[in-house]
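Residue strings, one per chain:
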Amino acid sequence: MTNLKEFRLMDGRTISCTSAAEARMLWVEMSDEGFYRGAAATLRDGDVVLDIGANIGLSAIMFADTCPGVRVIAAEPAPVTFECLARNLGTHVPGAVPLRVAAGRDRGRAQFTWYPRASANSGLYADQRTDDKATEIFLRNSGLDDDAIGVLTNGLHVGEEIEVEVTTVSDIIEGHCPDAEIGVLKVDVERAEMDVLEGISDTHWPRIHTVVAEVHDLDGRLNEICDLLGAKGFRVHARQDRVLSGTELNEVFATRDRS
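### Topic: the pairing of strand E2 (residues 14-17)
Two faces make up the sheet, and in a regular strand the side chains alternate between them. Pairing between strand E1 (residues 5-8) and E2: 4 bridges, direction antiparallel. Paired with lysine 5 across the strands is cysteine 17, a residue of E2.

Dropping the structure here:
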């Protein structure tokens with residue numbers, strides 16, 4: 001078993017992780033007043049949060065902190081990352097359901113690339129060269145010089161190929177929350193975001209009230225996803241953080257009115 005590490009949040013809570021530096025970065029992302037926080041603000045008691053691409057569970061913790069009356073269902077396929085997720089949910093999000101699966105268009109099995117040193121960049125469509133380049137741009141935009149960037153990125157995206165189970169969002173809903181309102185669907189799946197959205201049946205879309213997603217804008221995908229969500233009745237907002245300028249990474253936040 002991989003030696004897990006610990007990271008202490010600013011409020012004193014301890015979480016399990018594979019990299020303390022990565023956990024710190026992810027928690028800062030959850031703490032900023034960005035789209036994830038905006039999605040959390042739409043939650044109501046009794047809602048379900050579907051966290052697709054949950055990683056070690058920091059977004060799940062943030063959603064539950066913001067609205068303690070929600071139920072979190074969190075999907076993460078990589079075994080070591082999933083172990084961290086299950087531990088963190090068990091400790092900090094009572095009643096949450098961790099699922100060791102990826103989400104896609106159809107159920108089945110698929111090859112998944114896990115990056116031990118950069119678990120949040122792992123995925124079904126991982127690409128070492130592109131992931132290295134995106135990280136270099138992010139670090140340069142954050143103010144680091146080339147020497148520091150070289151040290152930080154050396155070997156960062158050396159991956160391990162594993163086979164994982166794939167399911168669909170609709171299968172998760174039917175199996176775990178067939179009658180619930182999906183207050184937030186969060187999607188962070190490293191280039192598989194369209195697969196995830198296309199795995200939602202017409203029956204289930206009306207019960208999803210907010211979508212927050214990281215979108216890799218490849219071959220017009222950002223516009224495609226915005227158009228899909230608009231056709232489903234959402235008001236859609238997209239942006240790119242300044243530190244991601246020059247990469248394919250964007251954020252999408254989509255909401256609709258609730259009675």
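### Notes on the environment of serine 170
Here serine 170 shows up in helix H7 (residues 169-176). With 34 residues separating them along the chain, serine 170 and histidine 204 place their C-alpha atoms 6.7 Å apart. Leave out the neighbours within four places in its chain, and serine 170 touches Gly199, Ile200, Ser201 and His204.

### Structural notes on the side chain of glutamate 214
On the secondary structure map, glutamate 214 appears in strand E10 (residues 210-216). Comment: no salt bridge for buried glutamate 214; closest opposite-charge side chain is arginine 191, at 8.2 Å. At a separation of 3.2 Å, a polar atom in the side chain of glutamate 214 contacts the side chain of histidine 216. Beyond its immediate stretch of four places on either side in the chain, glutamate 214 contacts Val187, Asp188, Glu190, Glu193, Leu249 and Asn250.

### Let's talk about the pattern of salt bridges
In this structure the tally under the stated criterion is 16 salt bridges. The salt bridge partner of arginine 87 is glutamate 83, with a shortest N-O separation of 2.8 Å. Highlighted residues: arginine 87 and glutamate 83, both in helix H4 (residues 79-92), separated by 4 residues, approximately one helical turn. Measuring nitrogen to oxygen at the nearest pair gives 2.5 Å for the salt bridge that ties aspartate 195 to arginine 105.

### Digging into the sheet that holds strand E8 (residues 160-167)
Strands sit in the order E6-E8-E7 across an open sheet of 3 strands; the sheet is mixed. Every other strand in the sheet has two partners, leaving strand E6 (102-103) and strand E7 (108-114) as the edge strands with one partner each.

Conventions we followed
Residues numbered from 1 in each chain as written. Predicted model: local features only at pLDDT ≥ 70, side-chain atom pairs only at ≥ 80, totals over all residues. Heavy atoms only, no water. Pairing = 2+ DSSP bridges. Helix = DSSP H or I, 4+ residues; strand = E, 2+ residues; numbered from the N terminus. Contact = heavy atoms within 4.5 Å. Buried < 20%, exposed > 50% of the residue type's maximum accessible area, 1.4 Å probe, protein only. Lys, Arg positive; Asp, Glu negative; His and termini not counted. Salt bridge = Lys/Arg side-chain N within 4 Å of Asp/Glu carboxyl O. Polar contact = N/O pair within 3.5 Å; in protein donor to acceptor, adjacent residues only side chain to side chain.

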